[in-house]
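What the coordinates show
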Amino acid sequence: MEQYYTQLDLIRYIYRETSATETLEIAEALSEDPLLMEEYKELYEGYLQLPKAKFSPKPSALQNILRYSEQTALNPMH
């Protein structure tokens, strides 16, 4: 049975949000279907052009989390 993949499937594949089985199936489909590969390449080029967001919490936020973790680890009823 032939599987059809949507743009959403390819985007999930690009972002590595597919299961191991899906990843293998999509990779195989890409190697066998030139039209699917062309669509993948277009989506991947768009992905590469997107800005990469990096999130860094404030040190005080990390300290608050660590402090809360210490308090609750010592007193599980907190």
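Described below are features of the structure shown in this document. (Residues numbered from 1 in each chain as written. Predicted model: local features only at pLDDT ≥ 70, side-chain atom pairs only at ≥ 80, totals over all residues. Heavy atoms only, no water.)

Under the criterion given, the structure shown has 4 aromatic pairs. Considering the side-chain rings of tyrosine 44 and tyrosine 47, the 5.6 Å spacing of their centres and the 35 degrees angle between planes classify their relative orientation as tilted. Placement of both tyrosine 44 and tyrosine 47 in helix 3 (residues 34-49) is noted, with a separation of 3 residues, approximately one turn of the helix. Of the residues examined, tyrosine 44 reaches a relative accessible area of 31% and is grouped as partly exposed. Members of the aromatic cluster, connected to one another through ring pairs, are Tyr13, Tyr15, Tyr40, Tyr44 and Tyr47. Note that lysine 52 overlies the ring of tyrosine 47, its terminal NZ or CZ placed 4.1 Å from the centroid. (Phe/Tyr/Trp six-rings, centres within 6.5 Å; stacked < 30°, edge-to-face > 60°. Helix = DSSP H or I, 4+ residues; strand = E, 2+ residues; numbered from the N terminus. Buried < 20%, exposed > 50% of the residue type's maximum accessible area, 1.4 Å probe, protein only. Lys NZ or Arg CZ within 6 Å of the ring centre and 35° of its normal.)

This next bit is on the side chain of aspartate 9. If you trace the backbone, aspartate 9 turns up in helix 1 (residues 7-14). Filtering out sequence-adjacent residues up to four positions away, aspartate 9 remains in contact with Tyr4, Thr18 and Ile26. (Contact = heavy atoms within 4.5 Å.)

Moving on, we come to the pattern of salt bridges. For the structure on display, the rule yields 2 salt bridges. We note a salt bridge from arginine 12 to aspartate 9, for which the minimum N-O separation is 3.6 Å. One end of the pair is arginine 12 and the other is aspartate 9, both in helix 1 and 3 residues apart, which spans about a single turn. Linking arginine 12 and glutamate 22 is a salt bridge whose minimum nitrogen-to-oxygen distance equals 2.9 Å. Residue arginine 12 is located in helix 1, and its partner glutamate 22 is located in helix 2 (residues 20-32); the two are separated by 10 residues in the primary sequence. (Salt bridge = Lys/Arg side-chain N within 4 Å of Asp/Glu carboxyl O.)

As a further point, take a negative patch on the surface. A cluster of like negative charges, contributed by Glu25, Glu28, Glu32 and Asp33, occupies part of the molecular surface. Position of glutamate 25 among the secondary structure elements: in helix 2. (Patch = residues over 30% accessible without salt bridge, like charges linked within 9 Å, V, L, I, M, F, W, Y side chains within 5 Å. Areas by Shrake-Rupley, 256 points an atom, 1.4 Å probe, with all protein chains shown as cover. Lys, Arg positive; Asp, Glu negative; His and termini not counted. Charge placed at Lys NZ, Arg CZ, Asp CG, Glu CD.)

Here the focus is the nonpolar core. The biggest cluster of nonpolar side chains holds 10 residues, and these are Tyr5, Leu10, Tyr13, Ile14, Ile26, Ala29, Leu30, Leu36, Tyr40 and Leu43. Only helix 1, helix 2 and helix 3 provide two or more residues apiece to this core. In contact with leucine 30, not counting residues within four places along its chain, are Leu10, Tyr13, Leu36, Met37 and Tyr40. (Core = buried A, V, L, I, M, F, W, Y, C linked by side-chain atoms within 4.5 Å.)

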